[in-house]
Amino acid sequence: MTSAVENMSVPEFRIRIVDDLTTVDAVAWSKLAGAGRDGVGTPYNPFLSHPFLSALETSKSAVAETGWLPQHLLLEDGAGELYAALPCYLKNHSQGEYVFDHAWADAWHRAGGRYYPKLQCSVPFTPATGPRMLVRDDVDATSARAALAEGLKTLADERNVSSAHVTFAKETDISALTAAGYLHRTDQQFHFTNDGYSQYQDFLDTLSSRKRKNLKKEREAALGNGISVDYLRGADITAEAVDRFYEFYLDTGARKWGRPYLTRSFFETICDTMAEDIVLIMAKREDRYIAGAINFIGGDTLFGRHWGCLEHHRFLHFEVCYHQAIDFAIAHGLKTVEAGAQGEHKLARGYLPVTTHSAHWIPHEGFRSAITDYLDHEREEVARFGEVLKGHAPFRKSA
């Protein structure tokens, strides 16, 4: 694919656009910060790995037919060696993003404009914070991020889109993007922090007496009716286990979105190529799996993603998705559990509010001005609500 963006030069580098990640060398990609376990300084993020992102494409989950046309930005030298990248997609809808801009799209259409297509720089269907501007450790990160920020603006102009969005980004990326004129947006998630606990009881000991008793009762009730929990990782993730989990995923997807985003092939592929990065937390009753959640293991974080069940039992969702995730993180020395988007109900279970960040390029001056005012108020409200929520945390005041 040839475009002006590909020929846009920065000192010693150029930006090239690819619409198929499988054409990018996996070893070269793994050298980008956050995308491979050998990276220095930036913890490994499984969602940015070549196996995960390429599986989204080869499984037909994130492709043009589903409204996710890959448009990845690669920062290379004259010999084609990869130094930085920005995963990006050309989209004709706002589904599967978790940073909601439907109101923006409606306003644009009411004004007679065309909001779609747009550019979306994110991991499809994955509301997990991570680096978006992936830079090799031996490259000047400030210059590389600045080049990618300008390259994205040029790509937006070439593709004649309304806007470009970089979501669930690290603050270092946000700084580079806002310096380039992007608008800053915030939102809230709930994360568990492992404060050096050696076992779950250590965490319970930090809670107020009432909250501690409530969680004990909740866990006991969830595992009533003869329910047990298995952790499946590596070779334990059999084809049968994948089939069973996909049944759970289909049930949840059908109820929440009308149709599931991810294909059976996607789960089969990642459970083959990333088996050590995945833990399936599966609930069993009468020697049959009845519910489960898929989690991804990063350098210092457990990322909880999809959940589903075929039998409904009180508190089982909380047990499998939140309590068991904490158990696993503590046992494996992980610092954080990210349990997905939204959910104030996580607060009572030890997950505290954390601010998430995104950046948005809106070239139309009138619409940009309106969005700027909206975001100024929204950031204030997100910060205020976060402080209110912290006041309802379950921890003892001394803790």
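Residues numbered from 1 in each chain as written. Predicted model: local features only at pLDDT ≥ 70, side-chain atom pairs only at ≥ 80, totals over all residues. Heavy atoms only, no water.

Asks: So what's going on with the environment of arginine 233? Which residues, and what values?
Replies: Structurally, arginine 233 can be placed in strand 11 (residues 227-233). A relative accessible area of 28% places arginine 233 in the partly exposed class. In contact with arginine 233, not counting residues within four places along its chain, are Ala275, Glu276, Ile278, Ile297, Phe328 and His332. (Helix = DSSP H or I, 4+ residues; strand = E, 2+ residues; numbered from the N terminus. Buried < 20%, exposed > 50% of the residue type's maximum accessible area, 1.4 Å probe, protein only. Contact = heavy atoms within 4.5 Å.)

Asks: So what's going on with helix 6 (residues 171-179)? Which residues, and what values?
Replies: Given 3.6 residues per helical turn, the α-helix brings residues three or four places apart onto the same face. Every buried residue belonging to helix 6 is among Asp173, Ile174, Ala176 and Leu177, and all of these are buried. Angular distribution of buried residues about the axis of helix 6 spans 165°; they occupy a single face of the element. The exposed residues of helix 6 that point more than 90 degrees off its buried face are Glu171 and Ala179. Tucked inside the fold, the buried residues of helix 6 contact helix 5 (141-158), strand 9 (164-167), strand 10 (183-193) and strand 16 (352-361). (Arc of directions from axis to C-beta.)

Asks: I'd like a rundown of empty space enclosed by the protein, residues and numbers included.
Replies: Using the criterion set out here, one finds three cavities of 30 Å³ or more in the structure. Space inside the largest cavity adds up to approximately 70 Å³. Where the lining of the largest cavity is concerned, the elements lending two or more residues are helix 3 (50-58), helix 10 (264-273), strand 13 (288-297) and strand 14 (301-309). Its residues assigned to classes, the lining of the largest cavity shows 10 nonpolar, two polar and one charged. (1 Å grid on protein atoms, 1.4 Å probe; cavity = no way out; pocket = protein on both sides within 12 Å on 5 of 7 lines; lining within 4 Å. Points joined across faces, edges and corners; volume = space filled by probe spheres on them. Nonpolar A, V, L, I, M, F, W, Y, C, P; charged D, E, K, R; others polar.)

Asks: Report on helix 8 (residues 209-222), specifying residues and quantitative values.
Replies: The terminal C-alpha atoms of helix 8, which comprises 14 residues, lie 20 Å apart, in line with the 20 Å expected from a rise of 1.5 Å per residue. Taken together, the buried positions of helix 8 are Leu215, Glu218, Arg219 and Ala222. Buried residues of helix 8 fall within an arc of 95° about the axis and therefore sit on the same side. Turned more than 90 degrees off the buried face of helix 8, the exposed positions are Arg210, Lys213, Lys217 and Glu220. Close packing links the buried residues of helix 8 with helix 7 (200-204), strand 11 and helix 11 (316-331). (Expected span 1.5 Å × (residues − 1).)

Asks: I'd love a proper account of the nonpolar core, names of residues and values included.
Replies: In this structure, Trp29, Phe52, Phe267 and Ile270 are the most contacted members of the largest nonpolar core, which totals 46 residues. Looking at this core, the elements with two or more residues in it are helix 2 (26-30), helix 3, strand 5 (82-86), helix 9 (239-256), helix 10, strand 12 (278-285) and strand 13. Per element, the largest residue contribution to this core is six residues, and it comes from helix 9. Aside from chain neighbours lying at most four places away, what touches phenylalanine 267 is Val242, Phe245, Tyr246, Tyr249, Leu262, Ile294 and His306. Among the nonpolar cores identified, the runner-up in size contains 35 residues, and Phe190, Leu204, Ile330 and Ala339 belong to it. (Core = buried A, V, L, I, M, F, W, Y, C linked by side-chain atoms within 4.5 Å.)

Asks: Outline the packing of aromatic side chains, supporting the account with residue identities and numerical values.
Replies: Counted by the stated rule, this structure contains 29 aromatic pairs. Judged by centre distance (5.1 Å) and plane angle (70°), the rings of phenylalanine 47 and phenylalanine 52 are edge-to-face. Each member of the pair, phenylalanine 47 together with phenylalanine 52, is buried. With 6.2 Å between their ring centres and 35° between their planes, phenylalanine 192 and tyrosine 197 make a pair best called tilted. Side by side, phenylalanine 192 and tyrosine 197 carry an identical accessibility label, which is buried. Pairwise contacts between aromatic rings join Phe47, Phe52, Phe245, Tyr246, Tyr249, Phe266, Phe267, Phe296 and Phe303 into one cluster. Sitting above the plane of the tyrosine 200 ring, arginine 219 keeps its charged end 4.5 Å from the centroid. (Phe/Tyr/Trp six-rings, centres within 6.5 Å; stacked < 30°, edge-to-face > 60°. Lys NZ or Arg CZ within 6 Å of the ring centre and 35° of its normal.)

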